[in-house]
Amino acid sequence: MAGGAAAGRPADGGGTTATTGPTGAGGGDGRGRAEGGGIARLGRALRAVPVPLALIAMIGLAGAVLGRVYAGPLLTWLVLGAAVGSVLVSVAARRLPSWLVAPVSVLAMAGWTAWSLRLTATRAELPGGLAQVTADAAANGIPRLLTAMIPVEPTPDTVLVPLVAAWLAGLAGAEVAMRAGRVLLGYLPPVLLYAAALYVVGPNANPAIGPTLALVAVAVLGLAIPAGGGATAGVDPAAGLAPAVRAAVRARLAAASAAGLAVVVGLVALLGPLLAGQVDGRPVDPRRYVEPPQVETLDENPLIRISGWALNPGQQLLDVRTRRSDPPGSGPAEQPGASPGPDAGRPVPIRLAVLSDYDGVTWRVGATYRNAGRILPATAPAPDSTVETVRQEITVAGLSGRLLPAVATPREVTGARVAYDPTTGTLIRPEGLTPGLRYSVTSALETPDANLLGTADVPAGEEVARVLRVADGVPDPLRRLAAQLAESNGAPYARAAAVEQFLAEHYRLVADAPSGHAYPNLNFFLFGPRNAGGQRGTSEQFAAAFAVLGRLTGLPTRVVVGFRAAGDGPVRAGDAYAWPEVLFEGLGWVPFDPLPRPDEEPRPVEEDFRPAPEEPPPSEVPEPTVEPTATPQPAAAPGRPAGSGGPSTALLVGGGTGGVLLLVVAALLALLLMRRALTRARLERGDPGKRIAGAWREVTDALRLAGHPVGGDLSASEVAAHARAVLPFGADVEELAGLLNQTAFAPATATAEQAARAATTAGDYVAALRAARPWWRRLLWSVRPGPLRWHR
């Protein structure tokens, strides 16, 4: 017992010692394990960083690519903020259920978007509250983005779509890449966003080679850095299996890798030359599928309004306040007979519209308007001219229409949303002018060096063919008068001055002359008997006659309609007038004043215009008259997923198939949106006549989609009978045909109610025709691209 006790004590003591020693060692091991666990968690966190950073960088690169057509870097920063916000929300909510992440992220997106819209609205000085601005941007975001002038100013309607698309791409990419562990598949939303940015930019910027290479490099780095834990990295997936099974698994993995490599090499060999051939090609501009803002007839040809304004001269149209940066008269002095610009005693003319196209009947603006922001694109001034900054605050009173008055050439407009044609420098307000509208415009007023006018030449070639074109049907007296004025004046300026002086000395300016500037009207104005109303007219006839005679002598001319603003105060209808301009090399457009002086009595035309002899004497050979040849008019434009077990064939196939399906869905969605935008443009924009014609095109396009196209030689009634034969129980297309005939033969008689009825009739017929098609044709009806490219 004692021996046992004695033996027990050492055992207890030894046990105590053994217990004490391991306990201390266990405490040390616990601290080591805790430290090791912290380091492991830190390592896992660091390994999880590359994928979110890669997603943010890819979306930011998409914003940088799109930002190349925007004014300033604001859009790029807003898109980058959306990328950071969307990815960080997914990272922070990774422990939440997957169904809860999307609502949380959408709420965060709403907050970021609202702040961005308020910021851009404030910078653009747009009126209205946040709700009004947001509603307008949501309703018009896509059309205005695709019709905006480049560079696009960041405004609520031009940043809303990129911001929402960037946030959704970040949300989808982060959830797929981090929660599902499919990194390569998670790259698909940012890549699609990048491709959409390239498509929207189109040919309006240099090739994005640098950002594309950066996108590929970021994607490769995100895939190259392992995201799994260190304990499983590099583990053989076949370890622990029986030798025969292990060999079979390794053989399958090797075969899958070889097949994937072969597919990649094949795709590179097949698509590489095709893609390389497209490097130097011109991208498609999506803006050609969206109809820009349109104007009414009075805005397309405001020259016909001159006579109406002259009969009511007291009507107040505008109220103007003007500030000029330089003292008046600081520019070069004028030469006698020319009007190169305002001087100390001459008010600054306010331009309403520039008319460059003439078909022998009507002068037209012929502009392609693009929605513009506050800052308009700057054009280089003529080399031999001085530039003066003119700032005006204009309040609309009785002026109607869409044309927005401004001193040439506008550079900045605040207080009104505008569309701009940089070719003519004409501004419009798409919503139309309303009494009380107040806006400010800053213009760069050019004054050419008058000392160079006498020796200046005029340009020629395709660039100015539009303003040199002489329409067919010129009356012989006009040709003979132009030849007579040009025969003793060789220099371009001398010819222009001769035309100006002839008109000012032989014709009378009156307020009650009827409107008209077609060839017959101009022929009567120039050569009609005075006792029958000839040789008298408003500034409409003077400006139009100068422009036509100038083109007949080889001068590039155009007509401008505007107002004389005699200082600050009201601008009345009596201040409206038209004047011609001539384009000189190095000097730009120079205005001329063919109106008679108030204190001079006009001389009879017969005193200075030599009529052609009836028959030349037989012994005389008449000298040939050399007439300038007008330049012909140019043609009108108009995967390998990253997982802890390595890639598998099924995952590769699934990821590739999903990517292709997403691309197809994106393409179909784009076609659907463009088709709907085309239908809205046809049925809702323009005057009633245009909307009736648009409804008719909807019906003819529907017949073509249904496999029953109509011939171009059929009349509207015959097309209606054809439509009735195709769908006997459809809408009343005959009524629509009658409305179309009415707009063709009496353009100004169509009403808004008729246009609305035409749109309803067309919609009902198209819906019935589509419902009669097989189910697979009904599915493809709205995404077929044919109506986007068919001749309209």
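The structure presented is a predicted model; accordingly, all values stated were derived computationally and were not measured. (Residues numbered from 1 in each chain as written. Predicted model: local features only at pLDDT ≥ 70, side-chain atom pairs only at ≥ 80, totals over all residues. Heavy atoms only, no water.)

### Re the packing of aromatic side chains
For any two aromatic rings, the description comes down to two numbers: the centre-to-centre distance and the angle of the planes.
Then, in step 1: Applying the stated criterion to the full structure yields eleven aromatic pairs.
Then, in step 2: Their ring planes at 85° and their centres at 5.6 Å tell us that Tyr358 and Tyr519 sit as a pair that is edge-to-face. Taken together, the residues span a long stretch of sequence, with Tyr358 in strand E3 (residues 357-358) and Tyr519 in helix H15 (residues 519-527) at a distance of 161 residues.
Then, in step 3: The class for Tyr358 is buried, based on a relative accessible area of 5%. (Phe/Tyr/Trp six-rings, centres within 6.5 Å; stacked < 30°, edge-to-face > 60°. Helix = DSSP H or I, 4+ residues; strand = E, 2+ residues; numbered from the N terminus. Buried < 20%, exposed > 50% of the residue type's maximum accessible area, 1.4 Å probe, protein only.)

### A few points about the environment of Leu788
Then, in step 1: Among the structural elements, Leu788 can be located in helix H23 (residues 786-789).
Then, in step 2: Accessibility expressed as a relative area gives 9% for Leu788, which makes it buried.
Then, in step 3: As a C-alpha pair, Leu788 and Asp701 span 87 residues in sequence and 9.9 Å in three-dimensional space.
Then, in step 4: Aside from chain neighbours lying at most four places away, what touches Leu788 is Tyr289, Leu671, Met674, Arg675 and Leu678. (Contact = heavy atoms within 4.5 Å.)

### A few points about a positive patch on the surface
Then, in step 1: A cluster of basic residues, Arg676, Arg680, Arg685, Arg770 and Arg778, forms a positive patch at the surface.
Then, in step 2: Position of Arg778 relative to the elements: it lies in helix H22 (residues 775-781). (Patch = residues over 30% accessible without salt bridge, like charges linked within 9 Å, V, L, I, M, F, W, Y side chains within 5 Å. Areas by Shrake-Rupley, 256 points an atom, 1.4 Å probe, with all protein chains shown as cover. Salt bridge = Lys/Arg side-chain N within 4 Å of Asp/Glu carboxyl O. Lys, Arg positive; Asp, Glu negative; His and termini not counted. Charge placed at Lys NZ, Arg CZ, Asp CG, Glu CD.)

### Some points on the sheet that holds strand E2 (residues 348-355)
Then, in step 1: In spatial order, the strands read E2-E13-E15-E16; together these four strands make up an open sheet with antiparallel pairing. Two strands in the sheet have a free side with no partner beyond their single neighbour: E2 and strand E16 (588-591). Across the sheet, the mean angle from the axis of one strand to that of its neighbour is 40°, orientation sign disregarded.
Then, in step 2: Bridging between strand E13 (residues 557-565) and strand E15 (residues 576-584) involves seven bridges; their strand directions are antiparallel. Considered in E15, the bridge of Phe563 is made with Ala576.
Then, in step 3: Against the sheet, helix H16 (residues 539-552) makes contact with E13 and E15, and its axis sits at roughly 15° relative to E15, the strand it touches most. (Pairing = 2+ DSSP bridges. Axes fitted to C-alpha atoms, helices over the stretch in contact; angles between N-to-C directions.)

### Here we look at the packing of helix H3 (residues 74-92) against helix H4 (residues 98-123)
Then, in step 1: At a minimum axis distance of 10 Å, the contact between H3 and H4 shows a crossing angle of 160°. By the angle between their axes, H3 is roughly antiparallel relative to H4. Our pair here, H3 against H4, has a crossing hand that is right-handed. Of the residues in H4, those in contact with Leu74, Leu78, Gly81, Ala82, Val89 and Ser90 of H3 are Val101, Val104, Ser105, Ala108, Trp112, Trp115, Ser116, Leu119, Thr120 and Arg123. (Parallel < 35°, antiparallel > 145°, perpendicular 65-115°, else oblique. Left-handed = near helix turned anticlockwise from the far one by under 90°.)

### A closer look at unusual backbone geometry
Then, in step 1: The step from Ala408 to Thr409 runs through a cis peptide bond, and the omega angle for that step is -5°.
Then, in step 2: Tracing the sequence through the fold places Thr409 in the loop between strand E6 (385-396) and strand E7 (410-414).
Then, in step 3: We note that Gln535 has phi near 60°; this positive angle belongs to a residue other than glycine.
Then, in step 4: Structurally, the position occupied by Gln535 is in the loop between H15 and strand E12 (536-537).
Then, in step 5: Residue Gln535 is classed as buried on the basis of its relative accessible area of 4%.

### So, the pattern of salt bridges
Then, in step 1: All chains considered together, the criterion is met by 20 salt bridges.
Then, in step 2: Here Arg558 ties to Glu581 by a salt bridge, and the two come within 2.9 Å at their closest N and O atoms. Separated by 23 residues along the polypeptide, Arg558 in strand E13 and Glu581 in strand E15 bring together distant segments of the chain.
Then, in step 3: For Arg682, the salt bridge identified is with Glu698, shortest N-O distance 2.8 Å. Placement of Arg682 in helix H17 (residues 649-684) and of Glu698 in helix H18 (residues 688-705) is noted, with a sequence separation of 16 residues between them.
Then, in step 4: Several salt bridges converge on common partners, so that one network encompasses Asp136, Arg144, Asp157, Arg417 and Glu431.

### Points about the pairing of E16
Then, in step 1: Bridge count for E15 against E16 is four bridges, and the pairing is antiparallel. Bridging across to E16, Phe584 finds its partner in Gly588.
Then, in step 2: Counting the residues between successive antiparallel strands, the hairpin from E15 to E16 contains three residues, one of them, Gly586, with a positive phi of roughly 80°.

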